[in-house]
Every structure is written in structure tokens, then in C-alpha cells.
Amino acid sequence: MINAIRLAARQLTAGCWLLLATAFFLAAARPVEARTKPSRDASIPARLADAVAAGRVSESARLADSVVATRRLEPLTAASFHDSLVVRFFAAGSDSSLAGAERMARRGLEWRERALGREHLEVARSLSTVATLLDYQGRWEEAIPLERRALAIRTRARGERDTLVAASCRQLGAFAFWLGRYAEAESLFTRAFTIYETQGPRFAPKLADGCINLAEATRVQDRWEEAERWLERGLAIADRSLARDDPGRATLVNNLAGLYKDQNRFLEAEPLLLESLELRESATPPDPEALAIARLNLAEVLRLEGRYDEAEPLYDRALRGIVEVRGADHPTTLVFMNQAAVFYREIGEFARAESLARPVLAATERALGPDHPVVAQAVHDLAELLAAQSRYAPAESLFRRAIAIRSARLGSGHPDVAVSRVALARVLAAFPTRATAARAEVDSALAVLESTPTYPEARLDAVALRSELEERSGRDREAARDLDRALAMVDSLRAEHGGGDAGRAAFLAKRLDLF
């Protein structure tokens, strides 16, 4: 099971370029009496407006250069003119328009460097704008050197403790997080939080955001108690300083629910997810990506509770929503598609699940590379789908690949590695001659799962499988001991399992073989 994306929503930039008046586009393009040629040049602004509206990036860039040349705009005016085009492209929201926004932002950066030199704070703002547009396209490796350069400029100009420095650190932390470099992300988030902490109450929203990011960075590193403390601290800040409908509060509520979900604390998670969804649905202005995430997370809990009829429409709405915002091939969208595939696997629609899972894996590898933790999750989930159909050979190969990626990126003692080991052990146990290998995987998994509160159902599955393997090998006393323990775990988890009687019945139905 993947943890749905819960990092705080991306900031558009570390500066404030979206506050530029969009009307400047018209002002900059309007004919200037002393400089305007009377004939065809007057049509350039209208043609440019049409090209931008249609998302024709190359034509827009060419016409923008014509406006600058024919109006003989000064470099700073040319930079601001291109900024206004960034706003217009960005507002369209399509993949091509994001590419157009990036191209205009890069051109604005060039003009700003020409006017002010390479070390000016306004140049740093332009660098952050380009980096953020790359972020929206999932191109984090390209974004990092730009934001690092912005950080260096800001540090030299304003010192280590300035809020602009904090903004760059926060952005770099987000890029590192999406690339699966979690320790690096945590360090950058901590640096940003420490700066904002000294700036007084007006930076309370930044502190709440910092709590969200640090909670997520510690959670993925299997530091659950720290993650919960960060979220509780963030909620305390929100209660003191933020409006009830503030997006930061909704994210904190959502993330705390996600933390509970990963520990099978569904009774605690569901009301928080419902609150988060309500906050997202009533937000003004609406945030379609945040709303899609809220629906996905609630769908996940309903699925885990066995409430499939309620979960399915939420999966559908969440997926449609994220495709509208991000497009079909964005890494964020691929996570949604992968979770839809998991849902269809669980309700037995294997063909439909595989029609999603295989393209998702291929696209995720293209977007993030072959050894990213998100790729490992897609590999693991495809392996689960194949194993559910008794296609053991390809399933084994994929589980081993997931273990290798997770061990390399997260460490061999991470719970995600243990989950993949339990699944691999189930596949190996299907062959009587491979019981010893299956037992080795179970023992390795339990060494991790016994020390963490996360994935209690995986721990249950491992204990139950160990009991089965012990029985096969004639160790009846050990088998009975593990079986008693597994049954006690079923009883404990059933009591905490949300979804009412139907949810608890669905949970028990998966474990009937133990009885």
C-alpha cells in the first residue's frame, strides 16, 4: 500500500511574481507614440494574445521578441513584460501552457540578468520562478541548480537568517523530497523552519507549512512519533493563528489522518479525512489538486475498511480531478492511477487493474528513473496483482526488484522493505521446496515490523505465514504459538478496524484460513 501524497501544496514561487498585474501585458504591448511603426507592427499584440491563448509556445516567443524589439523596451521592462506572459500561460493550466510559462520565465530571467547583473535579488526571484515551473512539470533535477543559485544570491545579499533564504530552503527541500532524498529534504525543511521560527507571529502560516513538511520527511524515514509530534505542533499553531478554513489547517488534518491510516487507526483517521475533504470543498478559491488528494486519501481508508462501494466513486473523482490539473503523465497523477489499480485488484477486476498498473510503472520509470521509491511502490503493487493471479514467477522477480530499490534508497530496516519481504515470502511459500527461503524472508521482515507501529496487518500476515511454515516443517509447538498470536492480533485489529460491522466482517473474511 502506498502512502498517498501528503506533502504541503507547492508554492508557486519563493517570490511573488503572480502578484504582477496581468494587465501589464496590454500596457507593455500597447503602441508607444514615439516608437511605433504605423502598419503591421500594430497587429503584433493581438497576434501574440491569440498565440498565448492557444498555447502556441514557439510562435508566442517569437512574437514576444518582436514586441520587445519594435517597442525598444528597456531590459527591465522587457523582463516584466515576459513575467506577464508567464502569468497568462500559467493560468491556462495545460502541459503546453506550463512549457510556455517556463520559456517566458527563462526569457524574463535573461532580460533581468542583462539589466541587473547575475547577483541581484530580482534575478534570484526569476530563478525561483523558473524552478517552480519545472517543479510543476515534475522536472526536479533541473529545478535544483536554479533554486540553489537563488539561495546563494539571497544568502550573500541578506544573510543566513533571512526569510528569502528560508523560502529557497523550503523549495529545495520539496524538490529533494519528490526525488526520494528524504534526509536531505529534512535538513532543508529544518533550516527553513528555524529561520521562520525567529520571525514572529506573522509567519505562523510558514511555520504550519514547515510542520507539515517535517512530519512527512520524518514519516517516510520511519520516525512515526516525531511525525505525529510535528503534526500536533502544526495543528496547535493553526488553532492559535490560522482561520479554520485555512488550506494549511486542512493539510495538517489530512496528514494526521494519513499517519493514523498507516497504523491501521482507521477509526481515528476517517473523521479527520472527512473534515479535510469538507474544508477543501468549501475553500475559496478552490484548490483542485488539494481536493483530489483529499478524495484519494478518504478513498484509501474506505478501501482498507472494505467499503468498496463507497470508495470507488471517490477514486474516480480523485483521478479525474488530478488529470485535469496535472495531466495524465505527471508523477503525481501516476500515484493516483496506481492506487486505482490497487483498488481494482482488491475487488477482483484483474484485467482492469493490469491495464492501469503496467502503463503506470513504465511512465513512473520514465519520469523518476528506475530506482525511485515511488517506482518501487509501483513495482510492488504490480507484483501483488500478478501474485493474486498465481503468476508467481514474474511476481517474484518484481518483489525482489522492489526490495532492492527500497533497501538501497530507504535502508534495509525500513518498514516498506519488510512489507515487500512478506509479500515475497508468500510467493515462495506457494512452492513446498522453497519453504526455507520463505522462512528467511519472514524472519527478516518481522525483525523490522516488530519494532514499528506501522503496517500492523503486514506484521499479522508475517506471523500467520510463519505459523504455516512451522507446521509444514513439523514444529507444531512453535506453529501453535504463532497461530495463537496471529489470532490475538486479528482480534485486536478487528476491534480498531473502522467501517462498522461490514468493515470488520470484511477484515475477518480475509483471515478465515486462520480459524
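Residues numbered from 1 in each chain as written. Predicted model: local features only at pLDDT ≥ 70, side-chain atom pairs only at ≥ 80, totals over all residues. Heavy atoms only, no water.

Draft legend 1. The arrangement of the nonpolar core in detail. In terms of nonpolar packing, the biggest core is built from 161 residues, with Leu-48, Phe-81, Phe-336 and Phe-399 touching the most fellow members. Apart from the residues within four sequence positions on either side, Phe-399 is in contact with His-380, Ala-383, Glu-384, Ala-387, Ser-420, Ala-423, Leu-424 and Val-427. (Core = buried A, V, L, I, M, F, W, Y, C linked by side-chain atoms within 4.5 Å. Buried < 20%, exposed > 50% of the residue type's maximum accessible area, 1.4 Å probe, protein only. Contact = heavy atoms within 4.5 Å.)

Draft legend 2. Here's a closer look at the environment of Arg-103. Of note, Arg-103 is situated in helix α5 (residues 95–116). For Arg-103, a relative accessible area of 41% translates into the label partly exposed. Spatially, the C-alpha atom of Arg-103 lies 9.9 Å from that of Phe-89, the residues being 14 residues apart in sequence. The contact partners of Arg-103, leaving out residues within four places of it in the chain, are Val-57, Ser-58 and Ala-61. (Helix = DSSP H or I, 4+ residues; strand = E, 2+ residues; numbered from the N terminus.)

Draft legend 3. Looking closely at empty space enclosed by the protein. Summed over all chains, the structure comprises five cavities of 30 Å³ or more. Approximately 60 Å³ is the volume found for the second largest cavity. Considering the residues around the second largest cavity, the lining is formed by 10 residues, among which Arg-170, Ala-192, Lys-206, Asp-209 and Gly-210 are closest to the centre. Contributions of two or more residues to the lining of the second largest cavity are made by α9 (182–197) and α10 (204–219). Looking at side-chain class alone, the lining of the second largest cavity contains four nonpolar, three polar and three charged residues. (1 Å grid on protein atoms, 1.4 Å probe; cavity = no way out; pocket = protein on both sides within 12 Å on 5 of 7 lines; lining within 4 Å. Points joined across faces, edges and corners; volume = space filled by probe spheres on them. Nonpolar A, V, L, I, M, F, W, Y, C, P; charged D, E, K, R; others polar.)

Draft legend 4. Summary view of the packing of aromatic side chains. Overall, the coordinates contain 10 aromatic pairs when judged by the stated rule. Ring-pair connections join several aromatic residues into one group, and the members of that group are Trp-140, Phe-177, Trp-178 and Tyr-182. Its guanidinium or amino end placed over the ring of Trp-111, Arg-114 lies 4.2 Å from that ring's centre, counting from NZ or CZ. (Phe/Tyr/Trp six-rings, centres within 6.5 Å; stacked < 30°, edge-to-face > 60°. Lys NZ or Arg CZ within 6 Å of the ring centre and 35° of its normal.)

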